[in-house]
Amino acid sequence: MLEFYTYLTSGGCVCIIPDEIRLDLPALHEFMLSNRITVAFFTTQLGRQYVCAYPDDPLKALLSGGEKHVPCEPPRYDYINAYGPTECTIFVTDFSIDREYDVVPIGFSTGGNELYIVDAFNRPLPVGVPGELAVAGRQVARGYLNLPDKTQAAFTENPFSDEDGFTRMYMTGDVCRRLADGAMQYVGRADEQVKIRGFRIELSEIEKRIRDFEPVRNASVIAYDLPAGGKAIVRGCRRPRRRRRVERVCQRRAARLHGARGDDADRGDSAQPQRQGG
C-alpha cells in the first residue's frame with residue numbers, strides 16, 4: 001500500500017525492480033537511472049549499501065527499514081531510516097539521517113499515532129530508560145486472523161488514552177528508549193525474534209526444525225550482527241557419527257526458512273546451551 005498508493009495518488013509512476021537484479025548493486029543502479037526514479041524504498045542493509053556506493057545519485061529520497069541501521073555517512077539526497085511493524089500498517093516513525101550517528105535513531109512519530117515506552121506492567125518509563133515500545137492509533141490492526149490467543153497477547157487496552165481510535169495498543173516486542181529530543185532509539189528485541197534480510201525469524205523455530213531430524217541429538221542457533229548491517233544466523237549441531245548426512249539436513253532446513261540461510265558454524269559434538277523456549 002505504501003509503495004503504490006502514496007505515489008499513484010500523487011501523480012507518480014511506480015517501477016517494480018525485477019527479482020534478478022534486486023541484490024545486484026550495479027544493475028540496480030542502472031535500473032534506477034534508466035527509469036529516472038526519484039524516490040525509492042529498500043530494506044535497511046541494501047539501502048545502506050546503495051547510499052555508500054552511490055552517494056551522488058540523482059535520487060530525491062531513499063527510504064529504508066526492516067532492520068537496525070548501521071551508522072554511515074549520509075548521501076547527497078534525503079536518506080530516511082523508517083520503522084514500523086506490519087501490525088501497525090507499517091511505518092510509525094521515521095528519521096532523516098543528516099550525519100553519521102553513533103547509533104541511528106528510528107526517529108519521531110509519523111503522525112496519527114501515539115508511542116509509549118513501558119515496563120513489564122505497562123507503566124510508562126522516563127526518557128533514556130529502555131522498555132517495550134507500544135503503539136496506539138487508527139493504523140493499529142484489529143488482530144491476527146483466526147489467532148485469538150496471539151491477538152490477546154499482542155494487542156491490549158490502552159491505559160493512557162480513551163480517545164476514539166486510540167483505545168487499543170500493539171505491543172511490538174521491540175525494546176526502545178526515548179531520547180532527550182523525543183526521538184526513539186531501537187535497542188533490540190524482548191524475545192528471540194530476529195530480522196534476517198527483512199524477514200521475521202524465530203531462532204527456536206529453526207532449532208526445532210533441525211531437531212526434528214532423527215540423527216540430530218541437539219541444536220542451537222544464534223544470530224550475530226554483520227559489519228555492514230543486518231544479521232546472520234549460525235547453527236551448531238550435536239550429532240552422531242553420520243556427519244555428512246546431518247550437515248546436509250542442516251543446510252536444507254536453513255534453506256526452507258524464508259530463504260534466510262545463515263552461516264554454518266561446525267560445533268562438533270560439544271554441548272550446546274538449552275533455551276527456555278526450545
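Keep in mind it's a predicted model, so treat the numbers as computed, not measured.

Calculation criteria
- Residues numbered from 1 in each chain as written.
- Predicted model: local features only at pLDDT ≥ 70, side-chain atom pairs only at ≥ 80, totals over all residues.
- Heavy atoms only, no water.
- Helix = DSSP H or I, 4+ residues; strand = E, 2+ residues; numbered from the N terminus.
- Buried < 20%, exposed > 50% of the residue type's maximum accessible area, 1.4 Å probe, protein only.
- Areas by Shrake-Rupley, 256 points an atom, 1.4 Å probe, with all protein chains shown as cover.
- Core = buried A, V, L, I, M, F, W, Y, C linked by side-chain atoms within 4.5 Å.
- Polar contact = N/O pair within 3.5 Å; in protein donor to acceptor, adjacent residues only side chain to side chain.
- Contact = heavy atoms within 4.5 Å.
- Phe/Tyr/Trp six-rings, centres within 6.5 Å; stacked < 30°, edge-to-face > 60°.
- Lys NZ or Arg CZ within 6 Å of the ring centre and 35° of its normal.
- Pairing = 2+ DSSP bridges.
- Axes fitted to C-alpha atoms, helices over the stretch in contact; angles between N-to-C directions.
- Patch = residues over 30% accessible without salt bridge, like charges linked within 9 Å, V, L, I, M, F, W, Y side chains within 5 Å.
- Salt bridge = Lys/Arg side-chain N within 4 Å of Asp/Glu carboxyl O.
- Lys, Arg positive; Asp, Glu negative; His and termini not counted.
- Charge placed at Lys NZ, Arg CZ, Asp CG, Glu CD.
- pLDDT = per-residue confidence, 0-100.

Colleague: How should I be thinking about the overall build of the protein in this particular structure?
Modeller: In terms of regular secondary structure, the protein is built from six helices and 15 strands. Residues counted as buried form 42% of the 278 residues belonging to the protein. Per element, the accessible surface of the protein, about 15,800 Å² overall, is 51% carbon and sulfur.

Colleague: When you look at the nonpolar core in this model, what are you seeing that I'm missing?
Modeller: Nonpolar side chains tend toward joint burial in soluble globular proteins. Of all hydrophobic cores here, the largest spans 22 residues; its most connected members are Met-32, Phe-42, Tyr-50, Leu-59 and Leu-62. At the level of elements, helix H2 (25-34), strand S1 (39-43) and helix H3 (44-53) are the ones that each hand at least two residues to this core. Among the elements that line this core, the one with the most residues is H2, at four residues. If you look at the next biggest cluster of nonpolar residues, it comprises 16 residues, including Ile-106, Leu-133, Ala-154 and Tyr-186.

Colleague: Where do I start with the side chain of Asn-158 in this structure?
Modeller: With respect to the element layout, Asn-158 can be found in the loop between strand S8 (155-157) and strand S9 (168-178). Note on Asn-158: relative accessible area 3%, which makes it buried. Within the local environment of Asn-158, its side chain forms a polar contact with the backbone nitrogen of Phe-160, the two atoms lying 2.9 Å apart. Ignoring anything within four residues of it in the chain, the contact list for Asn-158 reads Tyr-116, Ala-136, Phe-166, Thr-167, Arg-168 and Met-169.

Colleague: Would you mind showing me how to read the environment of Val-187 here?
Modeller: Assignment of secondary structure puts Val-187 in strand S10 (residues 184-189). A relative accessible area of 34% means that Val-187 is categorised as partly exposed. Along the backbone, Val-187 and Val-175 are 12 residues apart, and their C-alpha atoms lie at a distance of 5.4 Å. Once residues within four sequence positions are removed from consideration, Val-187 is found in contact with Lys-68, Pro-130, Val-175, Cys-176 and Arg-177.

Colleague: Is there a simple way to explain the packing of aromatic side chains in this structure?
Modeller: The relative placement of two aromatic rings is captured by the distance of their centres and the angle of their planes. In the structure shown here, the tally under the stated rule is seven aromatic pairs. Where Phe-42 meets Tyr-50, the ring centres are 5.5 Å apart and the plane angle is 70 degrees; that geometry is what we call edge-to-face. Judged on exposure class, the residue Phe-42 and its partner Tyr-50 are both buried. Here the aromatic residues Phe-42, Tyr-50 and Tyr-54 are joined through ring pairs into a cluster of three or more. Positioned above the aromatic ring of Tyr-101, the side-chain terminus of Arg-99 is 3.8 Å from the ring centre. Positioned above the aromatic ring of Tyr-144, the side-chain terminus of Lys-150 is 4.6 Å from the ring centre.

Colleague: Honestly, the sheet that holds strand S3 (residues 78-83) in this entry has me stumped. Any pointers?
Modeller: The strand order across the open sheet formed by five strands is S1-S2-S3-S4-S5, and the pairing between neighbours is mixed. Each edge of the sheet is formed by a strand with only one pairing partner; in this case those strands are S1 and strand S5 (108-109). Across four bridges, the pairing between S3 and strand S4 (residues 93-96) is antiparallel. Following the sheet pairing, Ile-80 is matched in S4 by Ser-96. Of the strands in this sheet, S1, strand S2 (61-65) and S3 touch H3, which is tilted by about 125 degrees from S1.

Colleague: How should a nonpolar patch on the surface be read in this particular structure?
Modeller: Among the surface-exposed residues, Met-1, Phe-4, Tyr-5, Leu-8 and Ile-16 lie close enough to one another that they form a single nonpolar patch of about 590 Å² accessible area. We classify Met-1 as exposed; its relative accessible area is 68%.

Colleague: Is there a simple way to think about a negative patch on the surface in this case?
Modeller: Taken together, the side chains of Glu-114, Asp-162, Glu-163 and Asp-164 make up a negatively charged region of the molecular surface. Along the polypeptide, Glu-114 turns up in strand S6 (residues 113-118). Among the residues examined, Glu-114 registers a relative accessible area of 40% and is labelled partly exposed.

Colleague: What is the right way to read the pattern of salt bridges from this model?
Modeller: It is possible for side chains of opposite charge to pair when their charged atoms get near one another. Applying the stated criterion across every chain, the model contains three salt bridges. Between Arg-189 and Asp-174 there is a salt bridge; the shortest N-O distance is 2.8 Å. Residue Arg-189 is located in strand S10, and its partner Asp-174 is located in strand S9; the two are separated by 15 residues in the primary sequence. Using a relative accessible area of 23% as the deciding quantity, one classes Arg-189 as partly exposed.

Colleague: How do you make sense of the confidence of the model for the protein when you look at a structure like this?
Modeller: Where the model shows low pLDDT, its predicted coordinates should not be examined in detail. Per-residue confidence for the protein gives a mean pLDDT of 84, with 80% of residues at or over 70. Within the model, pLDDT remains below 50 along residues 260-278, and this stretch shows 45 contacts once partners closer than five positions in the same chain are excluded.

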